[in-house]
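Given next are the chains, with one letter for each unit.
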Amino acid sequence: MVRVDGSGSASSLIHVRGLDKKYYRGGEEIHVLQGLNLDVDQGDFVAFMGPSGSGKTTLLNLLGGLDVPSAGSITVAGDEITHMSRGNLTEWRARHVGFVFQMYNLIPVLTAFQNVELPLLLTKLSKTERRKHVETALGVVGLSDRMNHFPRQLSGGQEQRVTIARAIVSDPTFLLCDEPTGDLDRKSADEIMALILTLVKQDKKTVLMVTHDPQVADRADVTLHLNKGALVEASKLEGARLEGTRSEGVTSGGAR
Amino acid sequence: MAIPVVYNLRSVRQRWNSSIVAVLGIAGTVGVFVAMLSLAHGFKATLVASGTTDNALVLRAGANAEMNGAVTLDEVRILQDAPGIARGANGPLVSAEAVMIAPFPLISTGTDANVQIRGVSPTALEVRKTLKIVEGRFLQPGLTELVVGRNVAGTYAGLKMGSEVRFGGATWHVVGVFDAGGSAFDSEVWADAHVLNQVYKRPDNIFQSVTVHLTSPDAMQQFKDKVSADPRMNVDIDREVNYYSKQSQTMTSIITTLGGIVAIIMAIGAVFGALNTMYSAVSERSREIATLRALGFGAGSVVFSFTVEALLISFVGGVVGCLVVLPLNGFTTGAMNWQTFSHLAFAFKITPPLLLQGIIFALVMGLIGGLPPAIRAARRPVAPALRGL
Amino acid sequence: MKYSTLILANLFRKKIRLILTLGSFFVALFLFGMLAAIRGAFNQGVDVAGADRLVVINRVSLISPVPLSYMDKIRQIKGVKYITHMSWFGGVYQDPKNFFPKFAVDVENQRLVYPELLVSDAEWNNFVKDREGAVVGASVAKRFGWKVGDRIPIKGDIFSGNWEFNLDGIYHGKDAQQDESQMWFQWNYLEERAKDQIKGRVGWYTLRVNNPDDSGRIAKEIDEKFANSSYETKTETEKSFATGFVKQLGNIQFLIITIGSVVFFTLLLITGNTMAIAVRERTGELAVLKAVGFSDRFILLFVMAESLVIALIGGGLGIIASKILAAVHNPIPNVLPYFSVPNQALVMGFVLALAVGLISGIIPAIGAMRLRVVDALRRV
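Counting from 1, residues in each chain are numbered in the order their sequence is written. Think of it this way: whatever chain is written first is A, whatever ligand is written first is 1, and the rest follow in order. Side-chain atom pairs in this predicted model are given and counted only at pLDDT of 80 or more, local residue features only at pLDDT of at least 70, and totals for whole chains, interfaces and linings cover all residues. The basis for every side-chain value is the complete set of heavy atoms in the structure, and neither hydrogens nor water enter the calculation.

A. Quick look at the arrangement of the chains. Contacts were defined at the residue level, with two residues in contact if any of their heavy atoms lie within 4.5 Å. Of all two pairs of chains that touch, the greatest number of contacts is found between chains B and C. Considering only C-alpha positions, the minimal separation of the non-contacting chain A and chain C is 13 Å.

B. The confidence of the model for chain C, seen in detail. Residue and element names in this part refer to chain C. pLDDT expresses how confident the predictor is about each individual residue, on a scale running from 0 to 100. Per-residue confidence for chain C averages 84 on the pLDDT scale, and 92% of its residues sit at or above 70. Taken element by element, the predicted model of chain C shows its lowest mean pLDDT in helix α16 (residues 373–379) (60) and its highest in strand β9 (residues 183–186) (95). The ipTM for the predicted assembly is 0.74, set against a pTM of 0.75. A run of H or I in DSSP becomes a helix once it reaches four residues, and a run of E becomes a strand once it reaches two; helices and strands are each numbered from the N terminus.

C. A look at the sheet that holds strand β2 (residues 28–40) of chain A. Residue and element names in this part refer to chain A. Two strands qualify as a pair provided DSSP detects at least 2 bridges between them. The four strands lie next to each other as β2-β1-β4-β5, forming an open sheet whose pairing is antiparallel. Each of the sheet's edge strands pairs with one partner strand only, and the pair in question is β2 and β5 (79–80). Alignment of strand β1 (residues 14–25) against β2, held across nine bridges, turns out to be antiparallel. The residue bridging Lys 21 from the neighbouring strand is Leu 33, located in β2.

D. Fine view of the interface of chain B and chain A. Every contact between the two is made by 22 residues of chain B and, on the other side, 24 residues of chain A. Each of two parts loses accessible area, computed with a 1.4 Å probe, when they are put together; buried area is these two losses added. Together chain B and chain A conceal approximately 2200 Å² of surface at their shared face, both sides included; 63% is due to carbon and sulfur atoms. Each reported salt bridge corresponds to a side-chain nitrogen of Lys or Arg within 4 Å of a carboxyl oxygen of Asp or Glu. Here chain B and chain A share zero salt bridges between them. Polar contact criterion, stated in full: a pair of N or O atoms within 3.5 Å, where within protein one must be able to donate a hydrogen and the other to accept it, and residues adjacent in sequence count only if both atoms are side-chain atoms. Joining chain B to chain A, the criterion identifies five residue pairs in polar contact (both at pLDDT 80 or more). Breaking the side of chain B that touches chain A down by element, the ones donating at least two residues are α1 (5–14), α9 (286–295) and α12 (382–386) of chain B. A per-element tally of the side of chain B that touches chain A places α9 of chain B first, with seven residues. Throughout this entry, Asp, Glu, Lys and Arg are counted as charged residues, while Ala, Val, Leu, Ile, Met, Phe, Trp, Tyr, Cys and Pro are counted as nonpolar. The remaining residues, Gly among them, count as polar. For the side of chain B that touches chain A, the residue count by class is 12 nonpolar, five polar and five charged.

E. Spatial organisation of the packing of aromatic side chains. Each pair of aromatic rings taken from Phe, Tyr and Trp, with Trp reduced to its six-membered ring, is defined by centres within 6.5 Å and is described as stacked if the planes are under 30 degrees apart, edge-to-face if over 60, and tilted in the remaining cases. This model, assessed by the stated rule, comprises 33 aromatic pairs over all chains. Ring geometry for Phe 99 of chain A versus Phe 101 of chain A: centroids 5.5 Å apart, planes at 5°, classification stacked. In this structure Phe 99 of chain A comes out as buried when scored by relative accessible area, which is 7%. Given the relative accessible area of 6%, Phe 101 of chain A is considered buried. Chaining the aromatic ring pairs together yields one cluster made of Phe 89, Phe 159, Trp 163, Phe 165, Phe 185 and Tyr 189 of chain C. Over the ring of Phe 100 of chain C we find Lys 102 of chain C; its NZ or CZ atom is 4.2 Å from the centre of that ring. Positioned above the aromatic ring of Trp 163 of chain C, the side-chain terminus of Arg 193 of chain C is 3.8 Å from the ring centre. Exposure is judged per residue with a 1.4 Å probe applied to protein chains only, and the accessible area is read against the type maximum: over 50% gives exposed, under 20% gives buried, and values in between give partly exposed. For a lysine, the NZ atom is tested; for an arginine, the CZ atom; a charge sits over a ring if that atom is within 6 Å of the ring centre and within 35 degrees of the ring normal.

F. Looking closely at the pattern of salt bridges. All names here are of chain B. Enumeration over the complete set of coordinates arrives at 40 salt bridges over all chains. Ionic pairing is found between Arg 118 and Glu 97, a salt bridge with its closest N-O pair at 2.7 Å. With Arg 118 in strand β6 (residues 112–120) and Glu 97 in strand β5 (residues 94–105), the pair connects residues that are 21 residues apart, well separated along the chain. Arg 118 sits in the buried class, given a relative accessible area of 0%. Among the residues examined, Glu 97 registers a relative accessible area of 0% and is labelled buried. For Glu 188, the salt bridge identified is with Arg 118, shortest N-O distance 2.8 Å. Taken as a pair, Glu 188 in the loop between β10 (170–179) and β11 (189–192) and Arg 118 in strand β6 lie far apart in primary sequence, 70 residues in all. For Glu 188, a relative accessible area of 4% gives the class buried.

G. Inspection of the interface of chain C and chain B at higher detail. With 49 residues of chain C in contact, the opposing surface of chain B contributes 51 residues. Surface buried jointly by chain C and chain B totals about 4400 Å² across both partners, of which 70% is contributed by carbon and sulfur atoms. It is Leu 20, Val 60 and Gln 248 of chain C in chain C that bury the most area against chain B; as a group they hold 15% of the surface buried on that side. Across the contact surface, chain C and chain B share one salt bridge. Across the pair Asp 112 of chain B and Lys 234 of chain C runs a salt bridge whose closest N-O atoms are separated by 3.2 Å. At the level of secondary structure, the elements contributing two or more residues to the side of chain C that touches chain B comprise α2 (15–42), β7 (151–156), α11 (238–248) and α12 (252–281) of chain C. The leading source of residues in the side of chain C that touches chain B is α2 of chain C, at 13 residues. The residue makeup of the side of chain C that touches chain B, split by class, is 26 nonpolar, 14 polar and nine charged.

So, in structure tokens, the structure goes:
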């Protein structure tokens, strides 16, 4: 169950309260997130939308432990990550988060297999055990026959699938996706979305995704918009627009 | 867990054209470094090989070089009776010698170089057991005959086996060549001491130096004490090997100082090259680095990984540098020995410890050139780099 | 010129790379300066040799003496203007490491034959009157902190015993390259104390001729005069004598040239590669410049200009630094009396820096010039 009004219980998987983030650009102080709340449970698939500069990426960075907020708290599976040291945060990230980026971010000199194996190198698994996990992950994304290919030998869609395999191989608590279909054509984008939906439905994966593509956002359970530094549900945004508040033309299928 | 080394290996190979630059910079520096050291080493080895521990050199008191020495015939006779001296078939192994220099044209440049001429006693070969005649025969006393060191024929014109040569106002015949084991003697020309003194119109009862062969290295103390205590003797006694070791100091320090200056300056340049290569590597791969860190590899792993990469490159550079100078080993060159004022032929001497020093030098340069960029790689903010900013 | 702002702004974009590239040029040209100083130091004898001077030594060897009686006979030869004699003394001042050359000289004629070594008349007159007097060069005086009036103890080796001299004067070279490391004292004093060793003979003669073109004839006459005597002579110009000496020192010059080439080749690679990387990174900007309307030729000159600016500044600083350092510190004063970067090398250094800047900039510049805007913008 996804909530943005701070009414969720502390037992949600991801529990964010009063999140503030400001930074300085060119001497100006920009308050990009203000008093943001969010509750996400396991198995939820949430899409984030909003105009450029609205802070979607910032929110994702904070949720993924790549950045620290100016104020507020983020709790994931009971761990409060906002005040963790850099070292601990790195470890936490390895265990709990799977990243999927728009630009794939695969290491070009490593094979698909080796790229997917990377997160497992941070664990104590033996070489055979790692091999098993990697093969499984690549099997899930349908690239078992391309294990020893280098990224330059794969198509865009295939590269993104490798990224997803890498993101799920260590069985993280949730997946963070930043415009995963942004660089793909319609057909590949659909394939990727189908794959993600399978992960959500069949494996009960929790997915938080930033996108600007309404068709992609449609597939999610809930679409949230970033508006004035906080999250608003899509349907409510419709109402706000009627009340005269400015917003980008966003439609959403609403909660599913 | 560390970032897999295969990542560094493949990355270096992919960016080979800028890695090559760092490799060559380090290779050049290591090459110059090893070449200089082996030059100094070769010079020193040649001189040190000239002396053995069981030979003693007797010079006039206060003389610091053979040429300045003067030991009288009377003193020689006293030495012949001293304890600790080995005896050969024809009497005590004592060789009183007249040492002077004469100009001969260098084959390489055509201009004259001062060659050390040594007037010896018939016992000279027995006193210096490490010398062997390898061509012809030893000279006969009383005649204007010469035996030359094995480097002489190749360095100076007109002194080959069997030649006739004019100097000092007389005509001499080269009747033999001796091998002195790569020591200073290999650059010398030997004649009979009495004949030499006559030709040069020098007093025949004064010798520049006396070399004695001891019964054993331990006999040195006994020999030295007995002779020093004798009031008729005005001499300094030293082990032959020590005398030659001291001689090598001036030239060795010249080569080491000048070579050191050059090598250090080059090293700084090479480090700059390595820094440049590694900084641009970090810059080009900032997205990969951010990805690795996002995945959970800590700052320490990143620093370690890039430092290892720099060390890999510098190791290769060091090996290349050593390989390139290796052919110099044994290459003969010549220089002036400031102490004897005469020309000395010697060879570059490259030894395994020297090569190891070269490799270590390369690794140190790699470390200095690799650490700052590696630290920068670890300190870059992850989030913006992920998006290629 | 408005483009200079653009060039400078670009250079400062990546400060560390700028520093490294400047540093590479600095280091290479600094080394060049040092090598020039070393070469100059070894060749010093040749470079300052008087065009009108000849040296007469014993034909047998440099260390064999020649009779004093030859002096007048040589003086009588047509064309000989002045003649003096010098004898190598050897000796040690405190420690063998403190080596400097010491000569017993003919005080009446020394200054006539070596007019470029300057001593005040007052000091010289004191020296001539003082049997135990000595005159030393400015650099050796500075090295040991000697002042006129000091007493200098020397331990003899060739001529044994303890010798002490009164420092009556200090000589200066007329120009920077002269050897200011010598010590001179009275030959008469040496002859007195070591009569049995000297036996009326001196080390060698140096003479000045009226006309340098006569040198060949005069040398021949001298050697013929003393041929077949107990002391045959060998006469040659001072320059030829000094050159022979340098050749004996070994293949130093060959080594220097080899090292020089290694360094410059390496430098060329390093800087060329740096330029190439920098251009590659700025493909986007250069493409925009082209799209806006700057010509291909402009781009070429633009990239070249950057390269040249870095080369000149980095290299220029490097060669100047080497000149300063050499002037301040001689690393082996006991071997090389003179250590300085000649002005010729300074100029040569600047030219070389320019050349390297040009060569290492040209390839990336041509690449930048040939950029197709479409490709470049897409590559971003």
